[in-house]
Amino acid sequence: MKVTIRYNTVSFECNDSENQSDYLEQIIKDNQGKRITDWFKAFIEKVKEVTNNEPFTVEIIGCDWYEVGYIKELFTEENDVEIKFKEDIDNNEIQTRYKAIDDFLQYAEKSKNDIVKNALQPNVENIKNHRSTKIEVPVIATMSSGKSTLLNALIGQDFLHEDTGATTATTCDIIVNNNLKQFVARAIDIEATETNQNISEFLKDWNSKANENINEEKKYPRLRLEIEGPIPNLNTSNFNLNFIDTPGPNSSQHSHHKEKTFNYLKDNQNLPIVLYVLDPEKMDSNDDDSTLNEISKVFSENNQNIDRVVFVYNKVDREDIEEKSIVDILNKVKGFLEKKGIKNAKIFPVSAQYAKFAQIENNLTNKKKSDLRNYRDNFIHNIDDNYKGYQLLDYAPITSSQKNILKEHIKKSILDADLVYSGLAALKMYIEDYIINHHKKNQYKELRKSADNISVQIEATIQLEKVRLEEITEDQKKEKEENQRKEIEELKVKKEEAFEDIYKIKVDKKFIEKSSKEVDNKFDNLKNKILQRKELSKDETIPLIKNANATIENLQISIKTDLISVMNNKLNEYLEKFKEITNDKFTLDTNNIEIAAFNAEMGNNINAIDINHLHKYQEKKEETKIREVESRWWIKKLISWTVTEEYKVTKTIINTNELYKDAIEPLSKKFTEVLEDYKQNFIEMFVDVRDSFANRIEIEFENIKNNVYKDYTSSLSIDKKNKEKELRKLDNLSNDISKFKIN
Amino acid sequence: MRKFTENQPLLDNVQNNDVKEIKRILIDNIFFLQGNRYEINKAIQYVLENSDFAFEGHKDLEVSDKNNKEGYFSEEKFNLRENYSKDRYDLLVELYNEAFANKEYTYETEPATDNNKVAKVVVVGVAVAIAVYVLYKILD
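Being a predicted model, the structure only gives us computed values, none of them experimental. (Residues numbered from 1 in each chain as written. Chains lettered and ligands numbered in written order. Predicted model: local features only at pLDDT ≥ 70, side-chain atom pairs only at ≥ 80, totals over all residues.)

1. What about the overall build of chain A?
Within chain A one finds 21 helices and 18 strands. Here chain A holds 743 residues, and the buried ones make up 33% of them. The contacts in chain A between residues at least 6 apart in sequence include a share of 79% that link residues at least 24 apart. (Helix = DSSP H or I, 4+ residues; strand = E, 2+ residues; numbered from the N terminus. Buried ≥ 20, exposed ≤ 12 C-beta atoms within 10 Å, placed from the backbone. Contact = placed C-beta atoms within 7 Å.)

Set out below in structure tokens:
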């Protein structure tokens, strides 16, 4: 059987792989987010169950060098388990991924884009916590289990008071600062007191003060002690490492210490490495029950790396290994912890006293120097005597490669050898390793998680924004289409109303008749004057004809001057009227509406009567006239007797019937026709003006309509441009994000 | 007194059945017959019987000044073109009789320019010119 696990050493995620067992698949899934080193051993047990202990192969893709080494070491002695590693991730690759995470987070923090800001906001606290370079290593212990000795050994000094009768009354932070040449101590309450002289006494003094009461209340309730200085041989990998000397959870005087201790254990944010100092002599008491129960909870419930809780069997030097082997001693401790529900605990057997003495050898009293020699005799193997020594390095829960490194250290110097033999070097290496391989790794796992959350959130928001933009523009488009439709409908109604209004106006022709009334009257009188008589003399006719001609001439002048002017005025009046009644609907520029010129030449068609043609109407009329003449008789002549006699006279007359028929009637006809033509012409001009106006309305309607369309198109174009701009921004953001290879 | 039958244009247009012209000439016919109602009615009767002319139903139309009878006549004459009713035509005949029938005109006289006289003057003038020219040549 072959099981394949595709593992991400930065995110601790395992991707789906084609495994044969759903059960194993589920186990892999359940361990998502946990480092493979934390669950792989238990996983292999499950694989064994599935395969009924038949040989099997597990292929792991994507581990880093530490994980590869750790897992290999777990199964070096198991022949039926074949573990294969593929595509291991080297340190450079991990650093590249860390840089990508850092770069992405920096980009997000600097970004002014609201989408990025909003995505970042919920992750700010998490990022801040996991960017912290401060690593706190609380040291917890049951009373008098050698915690202060261990701390002194870790810092290579003898600052902390190791009196078994005294208790740590307040927290003491030991800040590793390799930039300092010597330690300084501070007592911080409301004010801070600092010294670099006789630090041991300073701390002892302030510890006593911390216990002082005034009227049953603490004299220095907020007192905190601090020492800061260089710790040789401890690589903190640029982290600010603080050992915290806790008063211990069992301190009845300081109940808040329990809370503080538990907080360290449960701190999933900073994931402090916790050193729990065990005193096997006190394992039978129930002093540590509550603390160990909490640790048990952390081990069983918490998904976080359990390697951060480390047990230190401090006073291993008290054991007589010739009577009882270290294995037995450690099994006893393991058994004790398992009873408390703590399995697979990492237990470091250490002689803190030996380690401390080795580091401060020059300052030791003779007695203590003698003690140091004894420690060396006991802990270091002696080939001559066939004495194996304590061989604590062999039992330290570190990898073989780490052990090999430490074995090399033995050759460096006596002090290095002492630290290895005392077990402290292994503990220090574990702490250093934890910082790099667990703490930093966990930090980046969390930072990557935040980066991933931000990235996913940004991408999701981008997609939502894109959908929103599409929806907005679609909605806007619909709304604009509806508005445009309404606007054009209203415009059409306006146009129809305007047409109705202007076509309601009827043309008034009376003014033409009124204008020609005078001429008409003259013409009537002329007709009447001619027709009153049946005949006229030629001498009488001439003035009448002249009069008729003058009337015609007047008519023509009247047309050319007054009537044209009146007509034009009338047409302008109509135009103004059209404007006025349509003004509430359309504002039209009618300046360039042309009013057709009136055909004034029509009047010229009336021909004057030619006086020279009067002969056509002349008649010779013979009249019998009576005249008095002298009587032919002499008598009658004598008395002047007159008699009458008839005589014939022939005269030329104008027959008015003929004149009427040939000259006046055609003139009258023409006169009527001309007036009718004027009226008709005026109506045509009125219709022209009205139609021109209607046409202007039509043009204006089309212009406004086109503007509505243009506005709509232009507005859509603006919407489209804005949308494209927004989409480009979103695409740019998406591209920016995708450049960071945070996965 | 004239007879309507003397109004040749009326007869011609009735014969031609030119209703538009008939309408116009019937107005002039009032002048021609000098407002003689009897003859005018005879003419109407003749026209109605011999053409498609027919009076229209009467419509009241605006008249600006009824006091000036000649003006009134003129306006109703124009109105008649718009609404050729018998009432309006009769009114027109009445108005003619009021305004024009008894109107006295002064007939000015002016001797006619005789074309022959002019010709004679021209001929004499030319003859004199020729005579003067001949005499000049002889004396020369």
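There is more to say, and it comes next.
2. Side note on the overall build of chain B
Looking only at helices and strands, one finds 6 helices and 0 strands in chain B. By the burial criterion, 31% of the 140 residues in chain B qualify as buried. Long-range contacts, defined as pairs at least 24 residues apart, comprise 59% of the intrachain contacts of chain B with a sequence gap of at least 6.

3. Points about the packing of helix α18 (residues 510–531) of chain A against helix α2 (residues 19–32) of chain B
Between α18(A) and α2(B), the shortest axis-to-axis distance is 9 Å and the interhelical angle comes to 45°. The pairing of α18(A) with α2(B) is recorded here as oblique in orientation. Residues A:Lys527, A:Asn528 and A:Leu531 of α18(A) form the contact with α2(B), whose participating residues are B:Asp28, B:Phe31 and B:Phe32. Split by residue class, the contact of α18(A) with α2(B) holds 3 nonpolar, 1 polar and 2 charged. (Axes fitted to C-alpha atoms, helices over the stretch in contact; angles between N-to-C directions. Parallel < 35°, antiparallel > 145°, perpendicular 65-115°, else oblique. Nonpolar A, V, L, I, M, F, W, Y, C, P; charged D, E, K, R; others polar.)

4. Here we look at the sheet that holds strand β16 (residues 535–537) of chain A
Residue and element names in this part refer to chain A. Pairing is antiparallel in the open sheet, where 3 strands are placed in the order β16-β18-β17. Edge positions in the sheet fall to β16 and β17 (618–630), since each of these pairs with one other strand and no more. Going across the sheet, the axis of each strand differs from the next one's by a mean of 50°, ignoring polarity. For β17 and strand β18 (residues 642–655), the ladder comprises 13 bridges, and the chain directions are antiparallel. Along β18, the bridge assignment pairs Lys621 with Lys651. (Pairing = 2+ DSSP bridges.)

5. Observations regarding the interface of chain A and chain B
Tallying the contact residues gives 22 residues for chain A and 21 residues for chain B. At the level of secondary structure, the elements contributing two or more residues to the side of chain A that touches chain B comprise α18, α19 (538–582) and α21 (656–739) of chain A. When residues of the side of chain A that touches chain B are assigned to their parent elements, the largest contribution, 9 residues, is made by α18(A).

6. Points about the pairing of strand β8 (residues 192–195) of chain A
For strand β7 (residues 184–188) of chain A and β8(A), the ladder comprises 4 bridges, and the chain directions are antiparallel. If you follow A:Ala187 over to β8(A), its bridge partner there is A:Thr193.

7. Quick look at the nonpolar core
One finds A:Val139, A:Tyr276, A:Val310, A:Phe311, A:Val312, A:Phe348 and A:Ala426 to be the most contacted residues of the largest nonpolar core, which totals 79 residues. For this core, the element with the highest residue contribution is helix α17 (residues 424–504) of chain A, accounting for 9 residues. In this structure, A:Ala498, A:Met567, B:Ala43 and B:Phe53 belong to the second largest nonpolar core, which totals 64 residues. (Core = buried A, V, L, I, M, F, W, Y, C linked by C-beta atoms within 7 Å.)

8. Let's talk about the packing of α17(A) against α21(A)
For the pair α17(A) and α21(A), interaxial distance at closest approach is 10 Å and the crossing angle is 180°. Comparing their axes, α21(A) and α17(A) come out roughly antiparallel.

9. Thoughts on the confidence of the model for chain B
Summing up the model confidence of chain B, the mean pLDDT is 88 and the portion of residues at 70 or higher is 92%. For this predicted complex, the interface score ipTM comes out at 0.82, alongside a pTM of 0.56. (pLDDT = per-residue confidence, 0-100.)

10. Regarding the environment of A:Leu364
Along the polypeptide, A:Leu364 turns up in the loop between α12 (352–359) and α13 (366–379). Apart from the residues within four sequence positions on either side, A:Leu364 is in contact with A:Phe357, A:Lys369 and A:Leu372.

11. A closer look at the sheet that holds strand β6 (residues 172–176) of chain A
All names here are of chain A. Taken together, 9 strands build an open sheet; the order of strands is β8-β7-β11-β6-β12-β5-β13-β14-β15 and the sheet is mixed. Two strands close off the open sheet at either side, each with one partner strand: β8 and β15 (346–349). Here the average twist between neighbouring strands, direction ignored, is 20°. As paired elements, strand β13 (residues 274–278) and strand β14 (residues 309–313) share 5 bridges and run parallel to each other. What sits directly across from Leu278, in β14, is Tyr313. The strands touched by helix α11 (residues 326–339) are β13, β14 and β15; relative to β15, the strand with the most contacts, the crossing angle is about 140°.

12. Describing helix α8 (residues 199–211) of chain A
Residues and elements named next belong to chain A. Taking 1.5 Å of rise per residue, 13 residues should cover 18 Å, and α8 covers 18 Å from first to last C-alpha, within 8% of that figure. Here α8 has its buried residues at Phe202, Leu203, Trp206, Asn207 and Ala210. Taken end-on, α8 shows its buried residues confined to a sector of 130°, consistent with a single buried face. Those residues of α8 that are buried are in contact with β6, β7, β8 and β11 (224–229). (Expected span 1.5 Å × (residues − 1). Arc of directions from axis to C-beta.)

13. Notes on the environment of A:Leu614
All names here are of chain A. Position of Leu614 relative to the elements: it lies in the loop between α19 and β17. By C-beta crowding, Leu614 is classed as partly exposed, having 18 other C-beta atoms within 10 Å. Each C-alpha atom of the pair Leu614 and Ala663 lies 9.7 Å from the other, and the pair is 49 residues apart in sequence. In this view, Leu614 contacts Lys538, Thr541 and Ile654; residues no more than four positions away in its chain are not counted.

14. Section: unusual backbone geometry
Residue and element names in this part refer to chain A. Positive phi is not limited to glycine here, since Phe12 has a value of about 60°. Within the fold, Phe12 resides in the loop between β1 (2–8) and β2 (13–15). Given 24 C-beta atoms within 10 Å, Phe12 falls into the buried group.

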